[in-house]
Every structure is written in structure tokens, then in C-alpha cells.
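Residue-level structural notes
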Amino acid sequence: KQEVTQIPAALSVPEGENLVLNCSFTDSAIYNLQWFRQDPGKGLTSLLLIQSSQREQTSGRLNASLDKSSGRSTLYIAASQPGDSATYLCAVSQTGNQFYFGTGTSLTVIP
Amino acid sequence: DTAVSQTPKYLVTQMGNDKSIKCEQNLGHDTMYWYKQDSKKFLKIMFSYNNKELIINETVPNRFSPKSPDKAHLNLHINSLELGDSAVYFCASSQRKGEYTEAFFGQGTRLTVV
């Protein structure tokens, strides 16, 4: 069964720093990997989706990479801002109808 | 328009009661889900429906019964609520597009059983 792990569980950085969030998964037979953001008391907002055939995706200050063979993905956030403070979740899609979630990384950006 | 909407947003109820959470998606997706997010923020799938047919039913007490009247709706009915059912429940939908499947989530329903 697919297991998804995210490291670190929590991260606190000063504003302006670049940072990397890590996601690892045990079964490399995936359709795609999706990064989400969750603000306190809110739902999940999709940030980036990487197809299994892709290596990376970029959106603004966010860059996500995927190394399917090693079961790893990273989310790079450039020039972090206080508004980036949230919980970041990665999810892998297998069989196209189930998403396995990681344990999340709680990010705090200090002004 | 909200892509995936669920109601109510908050639900406080007593042990032993029966309650329902409704979910609707206007994306035209074939697959809908219910996820449970526990106090540690971990999201675990409960059910998955494809074109109104149940395709995934994880180890969930049979007090939880999903109902899909059509492919745009997936409701969750919970009987005999217990304290341990307190959590945030998320509805989601997805559609396979070629080599990928993207999920969209509702805003969640915070259920508190007292």
C-alpha cells in the first residue's frame, strides 16, 4: 500500500528565505503528484500537479520536481512571504481514482 | 461558482444522533470522494465513487453510508454518531485526463460530536 511521508513536519523561516519541502512515496507506480496548500480552518487549494512523465512544474515562486524512480518530490518556494504560511500537503494519484496524502508540512514565515 | 461545495460547513451534534453532509461538484467530473482529516491533519480516504458506483470503501464503520444520487452529488450519512467521529470531512472530485488525474476539494465540514 502506498505510503507518503513529508519532511519536515514543521518549518519556521524568516521572510525572504528560499525553502524546500520534501515528499517521499513508497510505490513509484503513480499517475501524478499534486501539491496542495491548506490554510487553518480552510479547504485544500491545489498548487501544482506533476504528471508521472514530467520532471517539474513551475507556478510563480513555486517549483515542484518529481523523481518517480526514487519516489521523491520537492516543493521549492522562492523568496518566502508571511502569506505563504500554511500547511503544505502532497498527494499521489494511483489508478486515477485514489489519492494518498502525506502527513503535511506546517510552514511559518516570520516577518 | 464554487467547484466543489459541501454543506454544512460546521456541524455540532450530540452522541447517538444521525446526521448528513452534502456535496456537489459542478466540474462534470466522474469521480467523487470523501476524506476524513483527523486532529493531526492527516487526510485518509473513506469512499470513492465513479459514475455513481462505489469503487473504494476503506475500513470505515458501517455507520457511515455514502449515497450518490447522480454523478454530481455524493452525500455522507452518519448514524449513531460517536465522539471519535469528530473530525473535518472533505469532499473531492476528479477526472482522468490522459495521463493525469487532478483532484479538487471542497472547503470541509467540521463535525463536532459532544
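Presented here is a report on the structure given in the accompanying data block. All values derive from a computational prediction rather than experimental measurement.

Attention now goes to the sheet that holds strand β1 (residues 4-7) of chain A. Residues and elements named next belong to chain A. Pairing is antiparallel in the open sheet, where five strands are placed in the order β1-β3-β8-β7-β6. Looking at the sheet topology across the chains shown, the edges are occupied by β1 and β6 (56-59). The sheet shows a mean angle of 15° between the axes of neighbouring strands, taken without regard to direction. Sheet topology note: the β6/strand β7 (residues 62-67) ladder contains four bridges and is antiparallel. Along β7, the bridge assignment pairs Glu-56 with Ser-65.

A word on unusual backbone geometry. Excluding glycine, a negative phi dihedral is what most residues carry, and trans is how most peptide bonds are arranged. Cis peptide bonds are those with omega within 30 degrees of zero, and the linkage from Ile-7 of chain A to Pro-8 of chain A qualifies with 0°. The omega angle of the peptide bond from Thr-7 of chain B to Pro-8 of chain B is 0°, so this bond is cis rather than trans. For Asn-51 of chain B, which is not glycine, the phi torsion reads 50° and is therefore positive. Although it is not a glycine, Lys-52 of chain B sits at a positive phi angle of roughly 70°. Along the chain, the position of Lys-52 of chain B falls in the loop between β5 (43-50) and β6 (53-57). Taking relative accessible area as the criterion, Lys-52 of chain B reaches 43% and is therefore assigned partly exposed.

Residue and element names in this part refer to chain B. Strand order in the open sheet formed by four strands is β1-β3-β8-β7, and the pairing between neighbours is antiparallel. The sheet is open, and its two borders are formed by β1 (4-7) and β7 (64-70), each paired with just one other strand. Mean inter-strand twist for the sheet, computed between neighbouring axes without regard to direction, equals 20°. Bridge analysis of β7 against strand β8 (residues 73-78) gives five bridges, and the strand direction is antiparallel. Each bridged residue has a counterpart across the sheet, and for Asp-70 the counterpart in β8 is His-73.

The partner chain A presents 24 residues to the 25 residues of chain B that form the contact. Taking both partners together, chain B and chain A bury about 2,100 Å²; carbon and sulfur atoms supply 50% of that area. On the chain B side of the interface with chain A, the three residues burying the most area are Glu-99, Thr-101 and Phe-105 of chain B, jointly 23% of the side's total. Counting across the interface, chain B meets chain A through zero salt bridges. Summed over the shared surface of chain B and chain A, the result is seven residue pairs in polar contact (both at pLDDT 80 or more). Where the side of chain B that touches chain A is concerned, the elements lending two or more residues are β4 (31-37), β5, β6, β9 (87-97) and β10 (100-105) of chain B. With five residues, the single largest contributor to the side of chain B that touches chain A is β10 of chain B. Its residues assigned to classes, the side of chain B that touches chain A shows eleven nonpolar, seven polar and seven charged.

Cut-offs used in this document
- Per-chain numbering applies: the sequence of each chain, read as written, is numbered from 1 onward.
- Each chain takes a letter, starting from A, and each ligand takes a number, starting from 1, following the order in which they are written.
- Restriction of local features to residues with pLDDT of at least 70 applies here, the model being predicted, together with a cutoff of 80 or more for giving and counting side-chain atom pairs; totals for whole chains, interfaces and linings are based on all residues.
- Where side-chain values are given, they derive from all heavy atoms of the structure, hydrogens and water being excluded.
- When DSSP locates at least two bridges between a pair of strands, those strands are taken to pair.
- Strands are runs of DSSP state E lasting at least 2 residues, helices are runs of H or I lasting at least 4, and numbering of each runs from the N terminus.
- Here the axes come from fitting lines to C-alpha atoms, over the contacting stretch only for helices, and the angles between their N-to-C directions go from 0 to 180 degrees.
- Note on exposure labels: buried denotes an accessible area under 20% of the residue type's maximum, exposed denotes more than 50%, and partly exposed covers the range between, all computed with a 1.4 Å probe on protein chains only.
- Note on definitions: a residue-residue contact is assigned when non-hydrogen atoms from the two residues lie within 4.5 Å.
- By buried area we mean how much accessible surface two parts lose on assembly, using a 1.4 Å probe and totalling the loss over both.
- Here, a salt bridge means any Lys or Arg side-chain nitrogen found within 4 Å of an Asp or Glu carboxyl oxygen.
- Pairing of N or O atoms within 3.5 Å defines a polar contact, subject to two protein rules: one partner must be a possible hydrogen donor and the other a possible acceptor, and residues neighboring in sequence count only if both atoms are side-chain atoms.
- Classification used: nonpolar for Ala, Val, Leu, Ile, Met, Phe, Trp, Tyr, Cys and Pro, charged for Asp, Glu, Lys and Arg, polar for all others including Gly.

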